[in-house]
Each structure stands twice: as C-alpha cells, then as structure tokens.
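Observations on the model geometry
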Amino acid sequence: MNTPYRANPERYSTIPYRRSGGSGLKLPAVSLGLWHNFGGVDRFETGREVVRTAFDHGITHFDLANNYGPPPGSAEETFGALLRADLRPYRDELIISSKAGYTMWPGPYGDWGSRKYLIASLDQSLKRMGLDYVDIFYHHRPDPETPLEETMAALAHIVSSGRALYVGLSNYPAGLLRRAATLLRELGTPCVIDQPRYSLLDRHIEPEILPALADEGIGCIAFSPLAQGILTDRYLNGHIPEDSRAARGGFLKPEQITPERLDAVRRLNDIAQARGLTLARMALAWVLRHNAMTSVLIGASRPSQVLDAVAATQAAPFEAEVLAEIDRIVAPLQP
Ligand SMILES: NC(=O)c1ccc[n+]([C@@H]2O[C@H](COP(=O)([O-])OP(=O)(O)OC[C@H]3O[C@@H](n4cnc5c(N)ncnc54)[C@H](OP(=O)(O)O)[C@@H]3O)[C@@H](O)[C@H]2O)c1
C-alpha cells in the first residue's frame, strides 16, 4: 500500500450522524474501536485496510485507550502510524478518543482515577499517537477510592488545558453517573457521552443507565454490540474458527459460547435471514433502534466486517412483534 491514500470522495453519502446527547458533537452511527487487532502483535497492513475502509465509508470516529494492544500502548502507536501514513490530512474530519482508568504502569500512579494518573496517562497517549489533543477523553472505569470530585476536576482540567475537546465516562453505574454529570456541569465541562457495554446479550443499561443519560442530556456509545463476535455468523455452526477472537485466547473465552447462547443466536439468525440481513447487521440495527443511542462501537478484524456494520445503518425499522419475539429469545440470557 505505497500509493498515497486519498479518501473516497463519496464517504459522507451513506452513514448517518447522530448528535451526542445535548452537545454540539455528532458521531457516525457506527464507530470503530481499536481494542483488538491493532496491537504490536497484529499485522499492520490489515489494520490499515480496516481503518481506510472505515473512513472511506464515513466512519469518522476511532476509539482507543491507553491500555489497548497487546502490549498496552501499542494500539495508540499503531494509530499514530496510521495517522502519519494516511489520515493526517484529514485530522479535522476525525473524532479520536482515548481513555485511562485501568492498569497502565506499575506503582500507585498508573491506575484508577487520580488527577496524577489521568493527566500523565493522557500525555503519554498524545505522544504515542503524535497528536496535540484528542477529541474525547474518557475516565475508563469508576475508582472506588479517589473522590469523584478529584477525578471530574482532572477531566475538566484536561479540557481547559487543551488536551481534549470533550469528556466522557465509561462503565459508571447510574447513580455515580448522575453525580459525575452534575459535577462536570458545575465545572463547565459537561459530559458528552457515556460508553457502556450493550448488546442483545447484555441489556443491563436499560432500566437505570439509559434513563439517567436521557435526564442528563448525555449521549451513548455502546461497546461490544456484537458481544465480541458471538452475535455474528462466526460461531453459528458450533465450531470455533482458528482465526476468530475466541480461538486467539483473550477476553472472549470459548466457554462463553455456551449451548444456550448458541441456540438463541441461531434463532436470532433465523429472524435476521427472514429480514434479508446478516445476524451482525440485525444485532447492530437492534442497538441503534433507540433514538438516543448515538453510535455502536464495533471491533473488526477485516474490512468486510466494517462494511457489514455500515450496511446495518440502512436496515428497515423493526416491527413491534419482531421486537417482542427478540425480547423472548434473549430474556433468559441476560447477565
Ligand atoms: N469502555 C470499555 O470498557 C470497553 C470495553 C470493551 C470494548 N470497548 C471498545 O469497544 C470496541 C468494540 O468492542 P468489541 O471489539 O468487543 O466489539 P464487537 O463489535 O462486539 O466485536 C468485534 C469482533 O466481532 C467479530 N465481528 C465483527 N463484525 C463481524 C461481522 N460482520 N461478521 C463476523 N464477525 C464479526 C470480529 O471478531 P473476529 O476477530 O473473530 O473476526 C470482531 O473483532 C473496542 O475496540 C473498544 O474500542 C470499550
């Protein structure tokens, strides 16, 4: 891929952009995460094709974190290399996010939610990516020991110092999210987005978190909307393909692909086929059925998976009886 990259001139013609809560920021209905497939252990040219395909189809939002790899930090280095190789001329068309909150370096300052950790970590992330600022910076998980006031003040400082344009929260339970939103508003740096896990196999955000986001005017970007690949045709025939995430040994363990889940996934696949969709497309369209859902945050090991997700944004709306049938299938599987 030595020819200079020129983005597809038609890139803004397919995918819709949705406003993140009450903010001025719009995100593509599909965003691409670099948690897997972009580490130092992965093939650079494959990641490059995936990112080019995404941007060529209007996916302007790329999600990172300090610890993505492996090894930790290497996904940000890969993204820095992709910016230098291909995307630098398009910086003002990109929303690049990073996070800190999980273990990153040894000692008391490389984890959780202190001001010391968040600011030092973001400075490292900016260096790895070769950026002056990120568009969104998240606190990756709540810290039970650091005062919430300190963590939120650190996020506000990160914005006022020019290191990030917006702040977000991830993995916060509803009560804490509401308190954090109030603090951030008081500090003049409103939270623009929450990043929780959400899919057909994990609806835990529906009773409390989604109402909290609506009340607070915060957008929502759902991570692992395909349950790391379980909600696709990857494992449908009961076999674990060698090149799949479950086979590579990491966060998705073969034992998570249980007979009960497979049975439900096959029934969902029948519904998808009757609608002329792949299972992945239907699973993503199902997450996007909420008007308040800003974006689905997918992972992809190859360009075709990005295209599948882009196509999901064109799926027809669900009829009430189909939604009810889906509810019945997934209800017994909820965590
Ligand atoms: N905030 C947090 O705590 C948190 C936690 C987790 C993730 N995230 C973010 O969310 C992003 C997405 O998470 P995720 O990777 O778990 O998302 P996901 O979309 O649920 O799973 C992605 C995986 O599913 C498979 N896949 C995707 N599309 C497919 C298709 N059309 N057909 C068949 N298989 C398909 C691929 O696996 P194969 O390798 O098997 O091809 C792909 O790597 C991450 O990159 C990260 O940015 C955030």
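Residues numbered from 1 in each chain as written. Predicted model: local features only at pLDDT ≥ 70, side-chain atom pairs only at ≥ 80, totals over all residues.

1. With respect to the overall build of the protein chain
Convention followed: Helix and strand definitions follow DSSP, with helices as H or I runs of at least four residues and strands as E runs of at least two, each counted in order from the N terminus. With C-alpha atoms as the basis for the radius of gyration, the globule rule is written as 2.2 Å multiplied by the number of residues raised to the power 0.38. Three classes are used. A residue is buried when 20 or more other C-beta atoms lie within 10 Å of its own, exposed when 12 or fewer do, and partly exposed in between, with C-beta atoms placed from the backbone. Throughout, a residue-residue contact means that the two C-beta atoms, derived from backbone geometry, are no farther apart than 7 Å.
When you go through the protein chain residue by residue, the secondary structure sums to 11 helices and 10 strands. Relative to its length of 335 residues, the protein chain is compact, with a C-alpha radius of gyration of 19 Å against a globular reference of 20 Å. Taken along its principal axes, the extent of the C-alpha atoms in the protein chain is 50 × 50 × 40 Å. Classification of the 335 residues of the protein chain by burial places 45% in the buried group. Looking at the protein chain alone, contacts between residues at least 24 apart form 77% of all its contacts between residues at least 6 apart.

2. Some thoughts on the site of the ligand
Going by this rule: Each residue gets a C-beta atom placed from its backbone. Should that atom fall within 6 Å of a molecule or strand, the residue is termed near it. The classification used treats Ala, Val, Leu, Ile, Met, Phe, Trp, Tyr, Cys and Pro as nonpolar, Asp, Glu, Lys and Arg as charged, and all other residues, Gly among them, as polar.
Within the structure, the ligand sits among 30 residues, and G33, W35, G229, T232 and G299 are positioned closest to it. For the shell around the ligand, a count of residues per class yields 10 nonpolar, 15 polar and five charged.

3. Re the pairing of strand 7 (residues 164-170)
Put simply, the rule is: Strands are labelled as partners when DSSP assigns at least two bridges between them. The definition of a right-handed crossover adopted here requires that, viewed with the strands pointing away, the path from the first strand over the helix to the second runs clockwise.
The buried count for strand 7 comes to six of seven residues, which makes it a mostly enclosed element. Here five bridges tie strand 6 (residues 134-139) to strand 7, and the two strands are oriented parallel to one another. If you follow Y138 over to strand 7, its bridge partner there is G168. Crossover connection from strand 6 via helix 4 (residues 148-160) to parallel strand 7: handedness right-handed. Pairing of strand 7 with strand 8 (residues 191-195) involves four bridges; the strand directions are parallel. Following the sheet pairing, G168 is matched in strand 8 by I193.

4. Section: helix 1 (residues 44-56)
Condition: Given the number of residues in a helix, its expected span is that number minus one, multiplied by 1.5 Å.
Here helix 1 is 13 residues long and its end C-alpha atoms lie 18 Å apart, about the 18 Å a rise of 1.5 Å per residue gives. Buried residues of helix 1: G47, V50, V51, R52, T53, A54 and F55, and no others. Summarising the contacts, the buried residues of helix 1 are in contact with strand 3 (30-33), helix 2 (74-87) and helix 10 (303-312). Of the residues one or two after helix 1, G58 is the one with positive phi, at around 90 degrees.

5. Points about the environment of A174
Its place among the elements puts A174 in helix 5 (residues 174-186). Sequence separation between A174 and P211 is 37 residues; the distance between their C-alpha atoms is 8.7 Å.

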